[in-house]
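Breakdown of the fold
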Amino acid sequence: SYAEFPTITAPMRAAALEPPPLPAGSEPATAQQLTGRWVPANKPDSRAFVAFEDSGTWHGSDGCNGAGGRFAVGSGGRLLTTAGITTAVACENSRLPSWVDDASRAGFTRGQLVLYDASGNELGQAVRA
């Protein structure tokens with residue numbers, strides 16, 4: 001029932017903690033720097049992309065399925081994202097939109113956008129399209 005308070009579990013608490021800082025050599029991303037269209041660094045000619053808008057929304061495609069939501073960027077490249085419902089068409093696709101949804105930090109290394117999860121693990125890299 002939606003009238004009851006949710007039970008906060010240990011995994012939920014862990015996900016809400018401050019993630020590790022960006023690795024040495026990585027510059028924290030800002031919302032202004034994220035604005036625009038990005039494609040997977042390892043497949044720049046694919047149909048996959050994400051686009052961050054000035055309005056605080058993002059949208060994209062893994063190459064077959066649409067995705068999108070909202071985002072906010074804090075200090076040190078801290079990234080908070082939400083994602084809505086997406087389709088689930090099977091195809092050879094990129095995980096780029098799911099990287100955005102799973103990211104807790106965003107930084108730039110050698111001109112590439114690098115997204116990191118809540119544990120500080122690299123999710124993937126993107127280049128400006």
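Residues numbered from 1 in each chain as written. Predicted model: local features only at pLDDT ≥ 70, side-chain atom pairs only at ≥ 80, totals over all residues. Heavy atoms only, no water.

1. Considerations on the packing of aromatic side chains
Geometrically, a pair of aromatic rings is defined through the distance of the ring centres and the angle of the planes. One pass over the full model with this rule turns up 2 aromatic pairs. An angle of 40° between the planes, with centres 5.9 Å apart, marks the rings of Trp 38 and Phe 108 as tilted. In this pair, Trp 38 is assigned in strand E2 (residues 36–40) and Phe 108 in strand E7 (residues 105–109), connecting sequence segments 70 residues apart. When its relative accessible area of 1% is taken as the criterion, Trp 38 is described as buried. In this structure Phe 108 comes out as buried when scored by relative accessible area, which is 14%. Between Phe 52 and Phe 71, the aromatic rings sit 5.0 Å apart at their centres with planes inclined by 75°, giving edge-to-face as the arrangement. Of the two residues, Phe 52 sits in strand E3 (residues 49–52) while Phe 71 sits in strand E5 (residues 66–73), which places them 19 residues apart along the sequence. (Phe/Tyr/Trp six-rings, centres within 6.5 Å; stacked < 30°, edge-to-face > 60°. Helix = DSSP H or I, 4+ residues; strand = E, 2+ residues; numbered from the N terminus. Buried < 20%, exposed > 50% of the residue type's maximum accessible area, 1.4 Å probe, protein only.)

2. Things to note about the sheet that holds strand E8 (residues 112–116)
The 9 strands lie next to each other as E1-E7-E8-E9-E2-E3-E4-E5-E6, forming an open sheet whose pairing is antiparallel. Because the sheet does not close on itself, it has two edges, and the strands there are strand E1 (27–28) and strand E6 (79–81). Relative to E5, strand E4 (residues 57–61) is paired through 5 bridges, and the arrangement is antiparallel. Note on E5: the bridge partner recorded for Ser 61 is Gly 66. (Pairing = 2+ DSSP bridges.)

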